[in-house]
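Residue-level listing of the chains:
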Amino acid sequence: MQAATFRFYEELNDFLPLERRKAEFRCGFKGRESVKDRIEALGVPHTEVDLILVNGVSVDFGYILQDRDRVSVYPVFESLDIHDVTHLRDLPLRETRFIADVNIGDIVKYMRALGLDVYCNPTLSPREIIRISREEKRTILTKSRKLLKHRDVIRGIFIRPGTTVEQIRGIIDFLSLRGGMALFSRCLACNSSLVRVTKESVFDRVPPKARAFHEDYSYCSGCDRIYWQGSHFARIQKVVDEILAQ
Ligand SMILES: [Zn+2]
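Residues numbered from 1 in each chain as written. Predicted model: local features only at pLDDT ≥ 70, side-chain atom pairs only at ≥ 80, totals over all residues. Heavy atoms only, no water.

A. Inspection of the side chain of Asp 101 at higher detail. Looking at where Asp 101 falls in the secondary structure, it is placed in the loop between β6 (97-100) and α2 (107-113). Look at Asp 101: it is buried, it has no salt bridge, and the nearest opposite charge is Lys 143 at 9.5 Å. At 2.6 Å, the side chain of Asp 101 forms a polar contact with the side chain of Thr 142. (Helix = DSSP H or I, 4+ residues; strand = E, 2+ residues; numbered from the N terminus. Buried < 20%, exposed > 50% of the residue type's maximum accessible area, 1.4 Å probe, protein only. Lys, Arg positive; Asp, Glu negative; His and termini not counted. Salt bridge = Lys/Arg side-chain N within 4 Å of Asp/Glu carboxyl O. Polar contact = N/O pair within 3.5 Å; in protein donor to acceptor, adjacent residues only side chain to side chain.)

Written out as C-alpha cells, the structure reads:
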C-alpha cells in the first residue's frame, strides 16, 4: 500500500479529528488518487483550501498522489508573502458576492447591513445554489459540509458554530473584507442597493414621529421599502459595531 504524509494548517484543522490536528500524519491510498479527493476524504472541503504544497512545490487539485509524498495544505493566507507560489484559483476566494444556503439565520441580514451582496432565496435546492454560485461567481455560505464537497462547487465558505457576530467576523476575516465595505448601502430584506432620497419625496410614507426626528432617508426600489435611522437601525448598528470591533 502506498502512503503520503499530510499536515494541515491553521483553521483547516477544525475539520480533522483531534489526533490529526496540527501534526503530520500518514495516510494510505490505493492506485491513482488526486490530492483533492484525498483531502476531502480526510474531511476538509476543497473550498477551504487555498494552497497545496507537495514536497515543497505548489500543485493543483488534480495532482496525483505518489508514494511517500509530503503534503502541506493551507487555507487563505492573511499576511505571509507567497507571491512565488501558485494559488489554486485566480483570487476568487476573495470574491465579495455571496449566495446563502438556507438556514444560516441572521447572517444574511447583518452581512447586508455591512454592505455585502448576499443573495438568498429559501426555495432554492442545493443544485440551484451551486448553479447560481458558478454563473454569478458567488461564494456559497453554508453549514453543510456535504454541499461544499460537491464536485461542482468552486467557491464556498463553511459557517462554523458560533454566534452571528463570530460567524460574520470569521467570513470577513477569511476573505480580508474589512475596510472595503459600504455600510448600510443595501436593503436588509431583498439585497438591492439603496438610493438616498429626500425627506420630501417620502414624506407621506413615513410615520410622523420618524419625520420629526430624522432627515436622512434611503429607498429600496427592489421591494419598495424606505429606510431611516430609527430605533430598529440602532439595534442593527450595535451588532455591526460589534462585528467590526478589532
Ligand atoms: Zn429591498
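B. Seen up close, the pattern of salt bridges. Under the counting rule described, the total for this entry stands at 12 salt bridges. The salt bridge partner of Arg 70 is Glu 24, with a shortest N-O separation of 2.7 Å. Here Glu 24 lies in the loop between β1 (2-8) and β2 (25-29) and Arg 70 lies in strand β5 (residues 70-74), a separation of 46 residues in the sequence. Ionic pairing is found between Glu 33 and Arg 38, a salt bridge with its closest N-O pair at 3.1 Å. Arg 38 matches Glu 33 in its accessibility class, with the two residues each being buried. Each of Arg 97, Asp 117, Glu 136 and Arg 138 takes part in salt bridges that share partners, so that together they form one network.

C. Quick peek at the sheet that holds β6. With parallel pairing, four strands are arranged side by side in an open sheet as β7-β6-β8-β9. Two strands bound the open sheet, and with one partner strand each, they are β7 (117-119) and β9 (156-158). Averaged over all adjacent pairs, the angle separating strand axes in this sheet is 30°, with direction ignored. Sheet analysis places β6 next to β7, joined by three bridges and oriented parallel. Looking at β7, one finds that Ile 99 is bridged to Tyr 119. Where helix α3 (residues 126-135) meets the sheet, it contacts β6, β7 and β8 (139-142), and its direction lies at approximately 175° from that of β6. (Pairing = 2+ DSSP bridges. Axes fitted to C-alpha atoms, helices over the stretch in contact; angles between N-to-C directions. Contact = heavy atoms within 4.5 Å.)

D. Region of the structure containing the coordination of the zinc ion. At this site the zinc ion is bound by Cys 187 (SG), Cys 190 (SG), Cys 220 (SG) and Cys 223 (SG), with donor distances of 2.2 to 2.3 Å. Its four donor atoms give the zinc ion angles of 97 to 116° at the centre, a pattern that matches the tetrahedral case. All donors of the zinc ion come from a single chain, and their spacing in sequence reads C-x2-C-x29-C-x2-C. Look at Cys 190 and you get partly exposed, because its relative accessible area is 29%. (Donors = N, O, S within 2.8 Å, 3.2 Å for Na, K, Ca; no water. Tetrahedral: all angles 85-135°; square planar, octahedral: opposite > 155°, others 65-115°.)

E. Inspection of α3 at higher detail. Along α3, the residues that are buried comprise Ile 129, Ile 130, Ile 132 and Ser 133. Looking down the long axis of α3, one finds its buried residues gathered within 165° of arc, a one-sided arrangement. Facing away from the buried side of α3, by more than 90 degrees, are the exposed residues Arg 127 and Glu 135. The inward-facing, buried residues of α3 abut β6, β7, β8 and α4 (145-148). Backbone geometry just downstream of α3 places Lys 137 in the positive-phi region, at approximately 50°. (Arc of directions from axis to C-beta.)

F. Local environment of helix α5 (residues 164-174). Of the positions making up α5, those classed as buried are Val 165, Gln 167, Ile 168, Ile 171, Ile 172 and Phe 174. On the buried face of α5, the contacting elements are β6, α2, β8, β9 and α8 (231-244). Taken from the residues just after α5, Ser 176 is the one with a positive phi, measuring 50°.

G. Seen up close, the packing of aromatic side chains. By the definition in use, this model includes seven aromatic pairs. Between Phe 6 and Phe 25, the ring centres sit 6.2 Å apart and the planes meet at 20°, which makes this aromatic pair stacked. Taken as a pair, Phe 6 in strand β1 and Phe 25 in strand β2 lie far apart in primary sequence, 19 residues in all. For Phe 25, a relative accessible area of 9% translates into the label buried. Taken together, a centroid distance of 6.2 Å and an interplanar angle of 15° make the contact between Phe 8 and Phe 25 stacked. Of the two residues, Phe 8 sits in strand β1 while Phe 25 sits in strand β2, which places them 17 residues apart along the sequence. The same class applies to Phe 8 and to Phe 25, which are both buried. The structure contains a cluster of three or more aromatic residues connected by ring pairs, namely Phe 6, Phe 8 and Phe 25. In this arrangement the basic side chain of Arg 7 is found over the ring face of Tyr 9, its NZ or CZ atom lying 4.2 Å from the centre. A cation over an aromatic ring shows up here: Arg 211 above the ring of Phe 203, its NZ or CZ 4.0 Å from the ring centre. (Phe/Tyr/Trp six-rings, centres within 6.5 Å; stacked < 30°, edge-to-face > 60°. Lys NZ or Arg CZ within 6 Å of the ring centre and 35° of its normal.)

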